[in-house]
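As a plain string of letters, each chain reads:
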Amino acid sequence: MSDVWTIARVAAWATDDFRARGLESPRLEAEVLLAHALGLPRIQLFLQLERELDRDELGRYRALITRRRAREPVAYLIGEREFYGRSFRVDARVLIPRPDTETLVQVALARTSQRSLYARALDLCTGSGCVAVTIARERPTWRVTATDLSPDALVVARDNAHRLGAHGLALLEGDLYAPVGGRRFELITANPPYIPDIEIDGLDADVRDFEPRLALSGGADGLALCRRVVAGAPLALASGGVLAVEIMAGTSAAVAELFRAAGLEHIAVDRDLAGHDRVVSGVAPLVG
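Conventions used here
- Residues numbered from 1 in each chain as written.
- Predicted model: local features only at pLDDT ≥ 70, side-chain atom pairs only at ≥ 80, totals over all residues.
- Heavy atoms only, no water.
- Helix = DSSP H or I, 4+ residues; strand = E, 2+ residues; numbered from the N terminus.
- Rg over C-alpha atoms; globule rule 2.2 N^0.38 Å.
- Buried < 20%, exposed > 50% of the residue type's maximum accessible area, 1.4 Å probe, protein only.
- Contact = heavy atoms within 4.5 Å.
- Areas by Shrake-Rupley, 256 points an atom, 1.4 Å probe, with all protein chains shown as cover.
- Lys, Arg positive; Asp, Glu negative; His and termini not counted.
- Charge placed at Lys NZ, Arg CZ, Asp CG, Glu CD.
- Patch = residues over 30% accessible without salt bridge, like charges linked within 9 Å, V, L, I, M, F, W, Y side chains within 5 Å.
- Salt bridge = Lys/Arg side-chain N within 4 Å of Asp/Glu carboxyl O.
- Polar contact = N/O pair within 3.5 Å; in protein donor to acceptor, adjacent residues only side chain to side chain.

Colleague: Help me out: how do you make sense of the overall build of the protein chain in this one?
Modeller: Looking only at helices and strands, the protein chain features 12 helices and 9 strands. For a compact globule of 288 residues, the expected C-alpha radius of gyration is about 19 Å, and the protein chain comes in at 21 Å, within 12% of that figure. By its C-alpha atoms, the protein chain is 80 × 40 × 30 Å across when sized along the principal axes. Taking all 288 residues of the protein chain together, 50% fall into the buried category. Sequence separation of 24 or more characterises 66% of the internal contacts of the protein chain that already satisfy a separation of 6 or more. Surface exposure of the protein chain reaches about 13700 Å², of which carbon and sulfur atoms provide 52%. A distance of 3 Å separates the average location of the 35 positive side-chain charges in the protein chain from that of its 39 negative side-chain charges.

Colleague: How should a nonpolar patch on the surface be read in this particular structure?
Modeller: A cluster of nonpolar side chains, Ile43, Phe46, Leu47 and Leu49, forms an exposed patch at the surface whose accessible area comes to about 390 Å². Position of Ile43 among the secondary structure elements: in helix H3 (residues 42–47). Of the residues examined, Ile43 reaches a relative accessible area of 54% and is grouped as exposed.

Colleague: What should I look at first to understand the side chain of Arg139 in this one?
Modeller: Note that Arg139 resides in the loop between helix H7 (130–138) and strand S4 (143–148). For Arg139, the side chain forms a polar contact with the main-chain oxygen of Leu109, separated by 3.0 Å. Of the polar contacts made by the side chain of Arg139, one reaches the side chain of Thr112; its length is 3.3 Å. Beyond its immediate stretch of four places on either side in the chain, Arg139 contacts Leu109, Thr112, Ser113 and Ser116.

Colleague: What am I meant to see in the pattern of salt bridges here?
Modeller: Between side chains of opposite charge, a pair can form as their charged atoms come close. Tallying each qualifying case throughout the model produces 21 salt bridges. In this structure, Glu57 and Arg51 form a salt bridge, with 2.3 Å as the shortest nitrogen-oxygen distance. As a salt-bridge pair, Arg208 and Asp209 come within 2.9 Å of each other at their nearest N and O atoms. A relative accessible area of 46% places Asp209 in the partly exposed class.

In structure tokens form, the structure reads like this:
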């Protein structure tokens, strides 16, 4: 066999290797990693199929393949993940943004559409900042604050806020509402950890072995953080303010009951693109 490795040949080889190892999207991942190794947009691979790779390019690609074989997530390998049409930088300090979480943003914006000119928003457990940055960009006249317990996650979030133009976003370190004590908001969003601890070891290796456990662990039943988010909302929501929380599929009834117990009204459950219950939202009672 020829020792000449063209883009077409090396991509086909990596695709076969990934498929044999049971990766879910072998061709896509092979192409995304190759484009990253070559510093090209993925579309350029198809325009340069017969281009030969030099030794350095092959070395970079093989290093990425080795890491992916160990199940390191592609998003960490290339250092970014798209969310709501924007490219967010990510690494092992933060949970990788999922398309499901775009539902949280959509619900939050829809339920506060009458306040589109001005509002104060708070994003809890912000991680990479994907929700907070998106809200700040979609509603540029709002004052948006985000909190996270992890100082490492906040470093990533600050970088994303700077790169993506969310310059007014305030990022605070601390436990849920603690950094904003006493302040009230027209919108509170949260994507708290919601995997039951007993289920974490059974997750795919991509998640279990690489994503931060702090961003996964939801306690015994997955609702430990959610309970605290909802219980604290009445003291942090302005009159008529909206709370929207991302949940694990199958827990919407339990979470809706938490909302009712907290005195929230007009409770709704929204589904993600796969048809799973994904976001529970509610409204604080109007005062006066």
